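# Understanding the architecture of this molecule
Chain by chain, the residues:
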Amino acid sequence: MNKQQTTTLKVSGMSCAACASRIEKSLAKLEGVESAAVNFAAEKVTVAYDPAIVSTSGIVEKIETLGFAAITDKAELAITGMHCAACSARIERVVGKLPGVLQATVNLATEKAVVNYNAAEVSVSEIKAAIEKIGFGAHNVANREEKDQEQKTREHDVKRQRFWLIFSALLSFPLLAAMILHSANITGMLNPYVELALATPVQFGAGWQFYRGAFLALKNGSSNMDVLVALGTSAAYFYSVANLLRGVHELYFEASAILITLIILGKMLEAVAKGRTSEAIKKLIGLQPKTARVVRNQQEVDIPVEEVLVGDIIVVRPGEKIPVDGIITEGMSAVDESMLTGESLPVDKKADDTVIGATINKFGTFKFAATKVGRDTALAQIIRIVEAAQGSKAPIQRFADVVSSYFVPTVVAIASVTFLAWYFIVDPGNFSRALINFTAVMVIACPCALGLATPTSIMVGTGKGAENGILIKGAEHLENAHKLTAIVLDKTGTITKGEPEVTNIFSLGGMTESEILQLALATEKNSEHPLGQAVVNYGKNKGIAIEEPEQFTSIPGHGVEAAVKGRQILIGTRKLMADRAIPYQDYIERISELEEQGKTVMLTAVDGQLAALLAVADTVKENSAQAVADLKQMGLEVWMITGDNERTARFIAQQVGIDHVLSEVLPEHKADKVAALQQEGKIVAMVGDGINDAPALVTADVGFAIGTGTDIAIEAADITLMRGDLNGIVSAIRLSRKTMANIKQNLFWALIYNTLGIPIAAAGFLSPVLAGAAMAFSSVSVVTNALRLKRIQI
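These remarks concern the structure in this document. Since the model is a prediction, treat every value here as computed from it, not as a measurement. (Residues numbered from 1 in each chain as written. Predicted model: local features only at pLDDT ≥ 70, side-chain atom pairs only at ≥ 80, totals over all residues. Heavy atoms only, no water.)

## Describing helix α7 (residues 208–219)
- Between its terminal C-alpha atoms α7 stretches 16 Å, which fits the 16 Å expected from 12 residues at 1.5 Å a residue.
- Along α7, the positions that sit buried rather than exposed are Gln209, Phe210, Tyr211, Gly213, Ala214, Leu216 and Ala217.
- Following α7 by one or two positions, Gly221 has its phi on the positive side, about 75 degrees. (Helix = DSSP H or I, 4+ residues; strand = E, 2+ residues; numbered from the N terminus. Expected span 1.5 Å × (residues − 1). Buried < 20%, exposed > 50% of the residue type's maximum accessible area, 1.4 Å probe, protein only.)

Okay, here's the thing in structure tokens:
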């Protein structure tokens, strides 16, 4: 094997040595790989391979097809100097060819590049050098200070464009006035040399940015918007200079000067509008409080939030923002969590409850212990997710990328053909007419709007989602959600609350409910079983004091036994009662009736006699039925998946209106059920909240995690619903559909400018000035249309 290279990748998802062996064997069979060694303890794989046969990205893809994740380094770079889709496509091609670069995504709207690479083969400085070599600027965006600097740079660019706009407009206005007077056959034309004096600073001062961009593009063997603008305006300017020197009064200085002015106006308006698309991020960042009141040495002191440490006790008064994430240790209040969930109603909080940084304390004063600070807080994670989504590329963007890659050369060819056709065929010998039409074609065809059509909508759509408690991890997930045909809902914690609750208490021996609860609470006090805890919580909410049992015994799988106030209490299953010879057959019909309703019946015996039936059930969330109805109305096939028996599963499904039920499914088989639906041709979403849902979330076309669930489920999912109810799914799918409709509108308008404008300009019906105005405002119209997503109701 010639030119062998070695690469080392970090691999996640390996749970045992068998996983490592599986990766080694699979990679060894990959063509071009000489050897592969996996270090299970270090979670790394070292591969020797021939880069002429297999690439690093091919190795990564092979690992991912096995169900593991190959973790590579990621660089986020702010890019300066991009003007159109051709620019972003060129950067992607150049960076993508670097050894060790697995993927390069450049977003024209955010002016950022996200590069996944292997640090063993290429460095960030080499990536930046490659970008700078082709005429663009690149700098790291690794922390908030650098992001702030990036924002200042963008604001500076807007100010610079505003200066050149005013400069070129002042010099172009007399030229425009003279042109209008001339068109109306009114005397008052400017002296030709005055026209030259006015147009030259515009051409080479305000227009220098286009010459520079065109030179760098052509130097690197590509073309972009700057090439079109530079060629078009130069043709009009230099032809006018030549005529002036020959004494011919056929001048077009106003065409080149006004074109440059209009294009700069369009660029400035576009930059301002693009800044508005990222307002969601700015709002999230602005939510972070600046200080925290921390207890240090028995005294309350205000410190910068960046200095808060895990374990610090923080005091929060009414009306204040909670600085970081933590758990309440003292006091109670109601907290406005709308920034996190989109829900306007405050949430009651007491000791041992979790609070989230940047939410607002409404009423009481409380203290809490900090558990997550800095980059680990929920708000910081949300910001990272939204930024990543806004910088990612939706599959539909590939269409625009393909068109843009051929666009500029095609336009130059069409413009050249237009010139030749007019000069030799349509109006033989009329160089001026041919040149004007050539210029109009060059200017009308700028691909800026095409490059902005998709990313601007994605930015606004993901930001809108974040404002409503819907975190979308990537543009591809936002796009895929609108294609869904089936949705699989996990029962426990998704459709239901996931916490058993006492629903019925039936006294069988003359005891009151209060007396039964007093004995049951004391008996279950020391039980760790969820059903026992449900009884304890029910009693607490009723205000019943819990006494200490004289004796307690847990009977695994059957129930508990205790001595309370000298009485012998037994709570558990029918089998437990049968084993202790306690008759219950007279009540079998009522027990069966409760079980038919999906409830678990806990038989309670006092001193050897059946005294009560306690029915416990995992109750359905209030919004589940309405959400299921909405999903069905949207044309989705709704399934429920659960490990419960079919009788219980059917009862829950009927409560919420679900027709398709997958019952008695073991946790490890949930992913198989999702895959089976996919094999039937369905595009499937999985919704879950537990650790055992993670494989199914990954298998599904789109994975939704209920935000109140586990961190693993949230990590595995593509979309996280912070509200914790199924209405978030409805909102997410509705957002996806409206965003995709918006993108298609943008692509239509971006293409219609060129599809209609080019032939009109080639036919001689469009002056260069009108062509420049249309081109300048095409980008603005696309961005403005994307901003409409901010006002939609989801």
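Next comes the rest of the account.
## Focus on the packing of aromatic side chains
- Scanning the entire structure with this criterion turns up 17 aromatic pairs.
- Ring centres of Tyr423 and Phe431 lie 6.1 Å apart, and the angle between their planes is 85 degrees; this geometry places the pair in the edge-to-face category.
- A residue is classified by how much of its surface remains accessible, and Phe431, at 32% relative accessible area, is partly exposed.
- Through a chain of ring-to-ring contacts, three or more aromatic side chains come together here, namely Phe204, Trp208, Tyr211, Tyr237, Phe238 and Phe253.
- The cationic tip of Arg590 hangs over the ring face of Phe506; the distance from NZ or CZ to the ring centre is 4.7 Å. (Phe/Tyr/Trp six-rings, centres within 6.5 Å; stacked < 30°, edge-to-face > 60°. Lys NZ or Arg CZ within 6 Å of the ring centre and 35° of its normal.)

## A short note on the sheet that holds strand β1 (residues 5–12)
- With antiparallel pairing, four strands are arranged side by side in an open sheet as β2-β3-β1-β4. Each edge of the sheet is formed by a strand with only one pairing partner; in this case those strands are β2 (33–39) and β4 (69–71). Strand-to-strand, the axes of this sheet are offset by a mean angle of 35 degrees, without reference to chain direction.
- When β1 meets β4, the two strands line up antiparallel, connected through three bridges. Residue pairing in the sheet places Lys10 in a bridge with Ile71 of β4. (Pairing = 2+ DSSP bridges. Axes fitted to C-alpha atoms, helices over the stretch in contact; angles between N-to-C directions.)

## Observations concerning the nonpolar core
- Judged by nonpolar contacts, the single largest core of 77 residues is most densely connected at Ile127, Leu489, Phe704 and Ile729.
- For this core, the element with the highest residue contribution is helix α27 (residues 727–762), accounting for nine residues.
- The residues touching Phe704, leaving out its near neighbours within four places in the chain, are Leu484, Ala685, Met686, Val687, Gly688, Leu697, Ala717, Ile719, Leu721, Ile729, Ala732 and Ile733.
- In this structure, Leu435, Ala440, Ile758 and Ala761 belong to the second largest nonpolar core, which totals 27 residues. (Core = buried A, V, L, I, M, F, W, Y, C linked by side-chain atoms within 4.5 Å. Contact = heavy atoms within 4.5 Å.)

## Some thoughts on a nonpolar patch on the surface
- A cluster of nonpolar side chains, namely Leu420, Phe424, Ile425 and Val426, defines an oily patch on the protein surface of about 440 Å² accessible area.
- Of note, Leu420 is situated in helix α13 (residues 397–426).
- Using a relative accessible area of 44% as the deciding quantity, one classes Leu420 as partly exposed. (Patch = residues over 30% accessible without salt bridge, like charges linked within 9 Å, V, L, I, M, F, W, Y side chains within 5 Å. Areas by Shrake-Rupley, 256 points an atom, 1.4 Å probe, with all protein chains shown as cover. Salt bridge = Lys/Arg side-chain N within 4 Å of Asp/Glu carboxyl O.)

## A word on helix α14 (residues 431–444)
- Compared with the 20 Å implied by 1.5 Å per residue over 14 residues, the 20 Å span of α14 between its first and last C-alpha is a close match.
- In terms of burial, α14 is a largely internal element, 12 of the 14 residues being buried.

## Some details on the pattern of salt bridges
- Within this structure, the stated rule accounts for 18 salt bridges.
- A salt bridge links Lys525 to Glu548; its shortest N-O distance comes to 3.0 Å. Within this pair, whereas Lys525 is found in the loop between α18 (513–524) and α19 (530–541), its partner Glu548 is found in the loop between α19 and β21 (551–555), the two being separated by 23 residues in sequence.
- Here Lys632 and Asp659 are joined by a salt bridge, their closest N and O atoms 3.3 Å apart.

## Here we look at the environment of Asp226
- Structurally, Asp226 can be placed in helix α8 (residues 225–246).
- Along the sequence, Asp226 and Cys87 sit 139 residues apart, while their C-alpha atoms lie 9.7 Å from each other.
- Beyond its immediate stretch of four places on either side in the chain, Asp226 contacts His83, Gln209, Phe210, Gly213 and Ala214.

## Side note on the pairing of strand β19 (residues 486–490)
- The element β19 is largely enclosed, with a buried count of five among its five residues.
- Residues of β19 alternate between two faces, with Ala486, Val488 and Asp490 on one and Ile487 and Leu489 on the opposite face, all of them buried.
- Where β19 meets strand β26 (residues 637–641), five bridges bridge the pair, whose relative direction is parallel. Along β26, the bridge assignment pairs Ala486 with Glu637.
- Bridge analysis of β19 against strand β28 (residues 684–688) gives four bridges, and the strand direction is parallel. Among the inter-strand pairings, Leu489 is bridged to a residue of β28, identified as Val687.

Geometric values such as these leave the question of function open.
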